[in-house]
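Coordinates in review
These are the residues of each chain, in order.
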Amino acid sequence: MSLFAAEELGMSFGGIRAVDSVSFEVEAGQVFTIIGPNGAGKTTIFNLVSRIYDPSQGRLRFRDEDITRVPPHEIARRGIARTFQNIELFEHATVLHNLLLGRHAHARPHLVQELLFLPGVRARERAHREAAEKVIDFLDLQPYRDSLVVNLPYGVRKVVEMGRALCTEPTLLLLDEPSSGLSVEETADMAFWIEDIRTLLGITVLMVEHDMSLVSAVSDRVLALNYGRVVACGTAREVQEHPDVIKAYLGG
């Protein structure tokens, strides 16, 4: 049984069919990548999976549970975390404080206990900080731990946002164009992070990406979309050589 599955997924905006009967499965331990030209429906699928949008049709299944109508605030607690194409960080907070926000999915606040800062609350706070520090060590963010995000280079901010998602301790990590805006060297580093996330942390990755060098380096399976429809699915090489994929990217 797959870890995650989209079944006949569809999404319309007025008369525009952004996602049209898309189905795919992601096995545990895979890096599964969705590619396609601009406007193909890639980010719309991510917004459906993370429950920002309600699908017009179809079903989403995660760990044998139908999550099609699960509220967005419950998704992280189910074990799904995501990053965004446009970085969504608190710029005037430190790296550590941004990562601690990722621990909110594990918070079970009790007003009286919080106000009195009882031993149980202190123990949970220590556990959250230890979890954030582990992510800082994992992503080599120690030099930036206490820096304000607004003062960081763009490439470091990308890693911080990925770190915040990792702090939720996800089973499935959604990466929305992780190489967007990165240099060639930073993209190579991102490939190493993604591979380590999969192999060392045991996290399954569902990724949207344009950079085919990154796609080829890390992907087990690739799904190509065009105008909201599936064009091809297979290995990176099979998809890149598929005539309909070439046509979608180059025209003809």
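See the structure shown above.
Fair warning: this is a prediction, and the values are worked out from it, not measured in the lab. (Residues numbered from 1 in each chain as written. Predicted model: local features only at pLDDT ≥ 70, side-chain atom pairs only at ≥ 80, totals over all residues. Heavy atoms only, no water.)

Overview of the overall build of the chain
Looking only at helices and strands, one finds 10 helices and 10 strands in the chain. For 252 residues, the compact-globule estimate of 2.2 N^0.38 gives 18 Å, and the chain sits close to it at 19 Å. Seen along its three principal axes, the alpha-carbon backbone of the chain occupies a region of about 65 × 40 × 35 Å. In the chain, which comprises 252 residues, the share counted as buried stands at 49%. For the chain, the proportion of contacts with a sequence separation of at least 24, taken over those separated by at least 6, is 68%. For the chain, the computed accessible surface area is about 12200 Å², with 54% contributed by carbon and sulfur atoms. Between the averaged position of the 26 positive side-chain charges in the chain and that of its 34 negative side-chain charges there is a distance of 6 Å. (Helix = DSSP H or I, 4+ residues; strand = E, 2+ residues; numbered from the N terminus. Rg over C-alpha atoms; globule rule 2.2 N^0.38 Å. Buried < 20%, exposed > 50% of the residue type's maximum accessible area, 1.4 Å probe, protein only. Contact = heavy atoms within 4.5 Å. Areas by Shrake-Rupley, 256 points an atom, 1.4 Å probe, with all protein chains shown as cover. Lys, Arg positive; Asp, Glu negative; His and termini not counted. Charge placed at Lys NZ, Arg CZ, Asp CG, Glu CD.)

Structural notes on the environment of Pro71
Take Pro71: it is sitting in the loop between strand E5 (65-66) and helix H2 (72-78). Spatially, the C-alpha atom of Pro71 lies 26 Å from that of Gly202, the residues being 131 residues apart in sequence.

Comments concerning the layout of surface pockets
By volume, the largest pocket amounts to about 500 Å³. Lining the largest pocket are 20 residues, and of these Ala76, Ile80, Ala81, Arg82 and Thr168 lie nearest its centre. Contributions of two or more residues to the lining of the largest pocket are made by H2, strand E6 (80-82) and helix H6 (154-166). Of all the elements, H2 adds the most residues to the lining of the largest pocket, at 5 residues. (1 Å grid on protein atoms, 1.4 Å probe; cavity = no way out; pocket = protein on both sides within 12 Å on 5 of 7 lines; lining within 4 Å. Points joined across faces, edges and corners; volume = space filled by probe spheres on them.)

Some remarks on the packing of aromatic side chains
Tallying each qualifying case throughout the model produces 4 aromatic pairs. Centre to centre, the rings of Phe4 and Phe24 are 6.0 Å apart; their planes meet at 45°, and the pair counts as tilted. Of this pair, Phe4 sits in strand E1 (residues 4-13) while Phe24 sits in strand E2 (residues 16-26), and the two are 20 residues apart along the sequence. Take Phe4 and Phe24: they sit in the same class, and that class is buried. Taking 6.4 Å as the distance between ring centres and 50° as the angle between the ring planes, the aromatic pair formed by Phe138 and Trp193 counts as tilted. Linking Phe138 in helix H5 (residues 119-138) with Trp193 in helix H7 (residues 184-199), this pair joins segments that are 55 residues apart in sequence. Taken together, Phe4, Phe24 and Phe32 form an aromatic cluster joined through their ring pairs. (Phe/Tyr/Trp six-rings, centres within 6.5 Å; stacked < 30°, edge-to-face > 60°.)

Quick notes on H6
The terminal C-alpha atoms of H6, which comprises 13 residues, lie 19 Å apart, in line with the 18 Å expected from a rise of 1.5 Å per residue. Along H6, 12 of the 13 residues are buried, which leaves the element largely enclosed by surrounding structure. Every buried residue of H6 is listed here: Gly155, Val156, Arg157, Lys158, Val159, Val160, Glu161, Met162, Gly163, Arg164, Ala165 and Leu166. (Expected span 1.5 Å × (residues − 1).)

Digging into unusual backbone geometry
Note: most peptide bonds trans; most residues except glycine with negative phi. One non-glycine residue, Arg51, adopts positive backbone phi at about 70°. In this structure, Arg51 sits in the loop between helix H1 (42-49) and strand E4 (57-62). Look at Glu177: it is not a glycine, yet its phi comes out positive at around 50°. As for its placement among the helices and strands, Glu177 is situated in the loop between strand E7 (172-176) and H7.

What to know about the environment of Ser183
As for its placement among the helices and strands, Ser183 is situated in the loop between E7 and H7. Put simply, Ser183 and Thr43 are 140 residues apart on the chain and 22 Å apart in space, counted from C-alpha to C-alpha.

Quick notes on empty space enclosed by the protein
It is the rolling of a water-molecule-sized probe over the atoms that shows where space remains empty. On inspection of all chains with the given rule, the structure shows 1 cavity of 30 Å³ or more. Counted as a void, the largest cavity has a volume near 60 Å³. Around the largest cavity, the lining residues are Thr83, Phe84, Lys158, Glu161, Met162, Leu175, Asp176, Pro178 and Met190. Counting residues per element, the ones that place at least two in the lining of the largest cavity are H6 and E7. Considering every element that reaches the lining of the largest cavity, the biggest residue donor is H6, with 3 residues. Split into classes, the residues belonging to the lining of the largest cavity amount to 5 nonpolar, 1 polar and 3 charged. (Nonpolar A, V, L, I, M, F, W, Y, C, P; charged D, E, K, R; others polar.)

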